[in-house]
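# Secondary and tertiary structure notes
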Amino acid sequence: MDVTMIIDTFWVLLAAILVFFMNLGFAAVEAGFARAKNTVNILSKNFIVFAVSSLGFLLLGWGLMFGGDNPFVGTSHLFILGGGDLSFYDNTLTANVPFWGKFFFQLVFCGTAATIVSGAVAERIKYVAFIIFSFALTLIIYPIVGHWVWGGGWLSDMGFMDFAGDAVVHSLGGWGALSGALILGPRIGKYGKDGKAKAIPGHSMSLAVIGLFVLWLGWFGFNPGSTMSFQNPADVVSILMTTNTAAIAAVLTSTITSWLYLGKPDLGMTINGCLAGLVGITGSCAYVSVLSSLIIGALAGVLVVFLVVFFDKIKIDDPVGATSVHLGCGTFGTLCVGLFAQEGVTSLSTRNGLFFGGGFGLLGTQIVGILAIGIFGFVTTSLVWFALKKTIGIRVSVQEEIAGLDIGEHGNMAYPDFAPISAAPVSELSASDEEERVEAAVASAPKETAADSAKKASVIHEERTTGPKMTKVTIITNQSRFSELESTLSRIGVTGLTISNVFGYGMQKGHETYFRGAPVESRLLPKVRIDVVICKIPVETVVNAVQKVLYTGNVGDGKIFVYDVEDVIKVRTNEHGYDALQDEE
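Residues numbered from 1 in each chain as written. Predicted model: local features only at pLDDT ≥ 70, side-chain atom pairs only at ≥ 80, totals over all residues. Heavy atoms only, no water.

Strand order in the open sheet made by the 4 strands is 2-5-1-6, with antiparallel pairing throughout. Every interior strand has two partners, whereas the edge strands, strand 2 (498-504) and strand 6 (559-565), have only one. In this sheet, adjacent strand axes meet at a mean angle of 25° when their direction is disregarded. Two elements, strand 1 (residues 470-477) and strand 5 (residues 525-534), share 7 bridges in a ladder whose sense is antiparallel. Paired with valine 473 across the strands is valine 532, a residue of strand 5. (Pairing = 2+ DSSP bridges. Helix = DSSP H or I, 4+ residues; strand = E, 2+ residues; numbered from the N terminus. Axes fitted to C-alpha atoms, helices over the stretch in contact; angles between N-to-C directions.)

On the surface, a nonpolar cluster with roughly 420 Å² of combined accessible area is contributed by Ile248, Leu291, Leu294, Ile295 and Leu299. For the nonpolar patch, the leading source of residues is helix 10 (residues 290-313), giving 4 residues. Inspection of the secondary structure assignment puts isoleucine 295 in helix 10. (Patch = residues over 30% accessible without salt bridge, like charges linked within 9 Å, V, L, I, M, F, W, Y side chains within 5 Å. Areas by Shrake-Rupley, 256 points an atom, 1.4 Å probe, with all protein chains shown as cover. Salt bridge = Lys/Arg side-chain N within 4 Å of Asp/Glu carboxyl O.)

Turning next to the state of the cysteines. In the structure shown here, the tally under the stated rule is 0 disulfides. Cysteine 336 provides the cysteine sulfur closest to cysteine 329, a residue in no disulfide bond, and the two sulfurs are 9.4 Å apart. (Disulfide = S-S within 2.5 Å.)

All right, on to the environment of leucine 363 then. Looking at the element boundaries, leucine 363 is found in helix 12 (residues 361-391). Setting aside residues up to four positions removed in sequence, leucine 363 forms contacts with Leu335, Gly338, Leu339 and Leu354. (Contact = heavy atoms within 4.5 Å.)

Attention now goes to the pattern of salt bridges. Applying the stated criterion across every chain yields a total of 9 salt bridges. Lysine 45 serves as the salt-bridge partner of glutamate 30, at 2.8 Å between the closest nitrogen and oxygen. Taken together, the residues glutamate 30 in helix 1 (residues 3-33) and lysine 45 in helix 2 (residues 39-66) connect sequence positions 15 residues apart. Of the charged contacts in the structure, one is a salt bridge between glutamate 123 and arginine 187, with a shortest N-O distance of 2.4 Å. Remark: arginine 187 occurs in the loop between helix 6 (166-184) and helix 7 (205-222) and glutamate 123 occurs in the loop between helix 3 (99-120) and helix 4 (127-150); sequence separation between them is 64 residues. Comparing glutamate 123 with arginine 187 shows no difference in burial state: the two are buried. Beyond isolated ion pairs, a larger network of salt bridges with shared partners links Arg35, Glu123, Arg187 and Asp317. (Buried < 20%, exposed > 50% of the residue type's maximum accessible area, 1.4 Å probe, protein only.)

Attention now goes to the side chain of asparagine 46. Residue placement: asparagine 46 occurs in helix 2. On the basis of relative accessible area, asparagine 46 is assigned to the buried category, the value being 6%. Other than its neighbours up to four places away in sequence, asparagine 46 contacts Asn23, Phe26, Ala27, Glu30, Thr115 and Ser118.

Moving on: the packing of helix 6 against helix 11 (residues 322-340). Remark: helix 6 packs on helix 11, axes separated minimally by 8 Å, with the N-to-C direction vectors making an angle of 145°. Every pair of crossing elements has a handedness; the one defined by helix 6 and helix 11 is left-handed. Residues Asp166, Ala167, His170, Ser171, Gly174, Trp175, Ala177 and Leu178 of helix 6 pack against Ala322, Thr323, His326, Leu327, Cys329, Gly330, Thr331, Gly333 and Thr334 of helix 11. Taken together, the residues of the contact of helix 6 with helix 11 sort by class into 7 nonpolar, 9 polar and 1 charged. (Left-handed = near helix turned anticlockwise from the far one by under 90°. Nonpolar A, V, L, I, M, F, W, Y, C, P; charged D, E, K, R; others polar.)

As a further point, take the nonpolar core. Formed by 106 residues in total, the largest nonpolar core has its most connected members in Phe109, Tyr142, Trp150, Val169 and Trp385. In this structure tryptophan 385 touches Val117, Val121, Ile125, Phe133, Gly176, Ser179, Gly180, Ile183 and Ile394, once residues within four positions along its chain are discounted. Among the nonpolar cores identified, the runner-up in size contains 15 residues, and Ile475, Phe482, Val494 and Val532 belong to it. (Core = buried A, V, L, I, M, F, W, Y, C linked by side-chain atoms within 4.5 Å.)

A separate point is the pairing of strand 5. The side chains of a regular strand alternate between both faces of the sheet. The buried fraction of strand 5 amounts to 7 of the 10 residues, a majority that puts the element mostly inside the structure. Inspection of the sheet shows strand 2 paired to strand 5 by 7 bridges, in the antiparallel sense. Pairing of asparagine 501 across the sheet is with valine 528, part of strand 5.

A separate point is helix 3. Along an α-helix, a turn takes 3.6 residues, which lines up residues three or four apart on a common side. Spanning 22 residues, helix 3 covers 34 Å between terminal C-alpha atoms, matching the ideal 32 Å at 1.5 Å per step. Counting buried positions along helix 3 yields 20 of 22 residues, so the element is predominantly enclosed. (Expected span 1.5 Å × (residues − 1).)

Looking now at the environment of phenylalanine 230. As for its position among the elements, phenylalanine 230 is in the loop between helix 7 and helix 8 (233-262). Given the relative accessible area of 32%, phenylalanine 230 is considered partly exposed. Considering only alpha carbons, one finds phenylalanine 230 and threonine 9, 221 residues apart in sequence, at a separation of 9.0 Å. Not counting residues within four places of it along the chain, the set of residues in contact with phenylalanine 230 comprises Ile7, Asp8, Trp11 and Val236.

This part is about the side chain of aspartate 557. Relative to the helices and strands, aspartate 557 is located in the loop between helix 19 (539-550) and strand 6. The exposure class assigned to aspartate 557 is buried, which follows from its relative accessible area of 16%. Here the side chain of aspartate 557 touches threonine 552 through a polar contact of 2.5 Å, side chain to side chain. A polar contact is formed between the side chain of aspartate 557 and the backbone nitrogen of glycine 553, at a distance of 3.0 Å. Residues within four places of aspartate 557 in sequence aside, it is in contact with Thr477, Leu550, Tyr551 and Thr552. (Polar contact = N/O pair within 3.5 Å; in protein donor to acceptor, adjacent residues only side chain to side chain.)

Take unusual backbone geometry next. Of note in this structure, histidine 77 is not a glycine but carries a positive phi near 50°. Position of histidine 77 among the secondary structure elements: in the loop between helix 2 and helix 3. Overall, histidine 77 belongs to the partly exposed group, its relative accessible area being 36%.

Here the focus is the packing of aromatic side chains. Here the structure, examined in full by the defined rule, presents 28 aromatic pairs. Among the aromatic side chains, those forming a connected cluster through ring pairs are Phe57, Trp62, Phe66, Phe88, Tyr89, Phe99, Trp100 and Phe103. Seen from the ring of phenylalanine 130, lysine 45 lies directly overhead, with NZ or CZ sitting 5.1 Å from the centre. The ring of tyrosine 578 carries lysine 536 above its face, with NZ or CZ at 4.1 Å from the centroid. (Phe/Tyr/Trp six-rings, centres within 6.5 Å; stacked < 30°, edge-to-face > 60°. Lys NZ or Arg CZ within 6 Å of the ring centre and 35° of its normal.)

Nothing here speaks to function; it is all geometry.
Next comes the structure, spelled out in structure tokens:
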């Protein structure tokens, strides 16, 4: 076998695997930006969308995209399953990679377009409606647009340039996201009576950042892999550098912009900023210099911040910012080809854009492509959404949305922290075995007569009324004061306490917080709550010691609550009162 074919095939498959890995990144970013109650649904959508995309592209999508040079859509050798003549596609894209290698590389791009839609319709879309929409998008809509640009269609004949998919993948996915968000409507609670957007914070920024880094890694397959050849390493590494440079520039400018415009360096905006830079350079990564990529990324980072705020203001609820990142910056990136393209920066770059003496020719072609793909993408995806809305429905019920789609759509919980846990790991008992064990324990317990019960009640009452008085002291204060407070309580003889991390506010009303530029309605402060029950230590001693530790004279020093305790029972020994408070070594 030709060494060139081996190298190119390996390179394409490596890049395709990196792009496939981006599915994890999309799932993590979307889940992190959404509420915990919808996590299972979001993860499940990101699983199912790739499976559905793969099926649609395999059944018909590839043929519509690459089946001949008809200006509008592929018409030859549409069906690649069932032993058809695949030699028809030997020279499609590249002759150095076997058919199924080329297919898989294009397949993961198709899957990415469908995944983009998932984030914009998150937290209120019916699972089955999303599955059907994704199938229609990848079976017909995406392949037609792909044919126009990469399959020998009319835009390709005009000279339209989109190296790695700013228009074909990102803006098309963005148009589907926009139409879906419009037709679905905003999430419950997103907009107040005054029409102003309210933040619905994601449950895990950690998960979102992990997803971002996975996507950033995947983009090093997405853009450089689109060469579909490793015969010119200089081209590959140039694309690698333009991709990374745009990303880092966008990270910086989105952070600075949110800092200046919103008052704080919003992490959600920085995440969207990095993605904006990566999307913004995708179409031109092989046609521009590293310096130009720095400018493109910097502009994309600024643009995405204002787009997120803009879409919120016009009441398009997009939980992850897919419309801002993929539609907005995908369109911007397509325009940048016509502005920044520079002949000779790679062997793949053969035309100059406006800023490098090429005039308005290429820019005009890019604008035609943007308009054509925008109109076709928005109209066709809207038709699919409307058809689904009128038939099976596309939005879950109000009750299901409030409770969370995890339970309503899947019957699962992503974080079952408070679910009862069976004792099976210890005893390996079945349900009937457990019932028998409880019944046996009750039967073997000493029988208590009515007289015994009355006598025990009398003793307990006497202990409660004649024993040392017990008092519960609850302290709520700033988390930073806990260590000093714990040491002080220990010094005065308090041997046991219970600590809880809590949130709340008093006169302070909490901090004003924001999520991607919109105010968070609930402004709670993190606090620590310490509960102690004392018996022989004077209450005044404890209260005075606590006040001495906590007092600064400022609002927020904390509060102390004092309660009478009627009784304390130690479960194991049935001891009451002061005796129950004593812990054994």
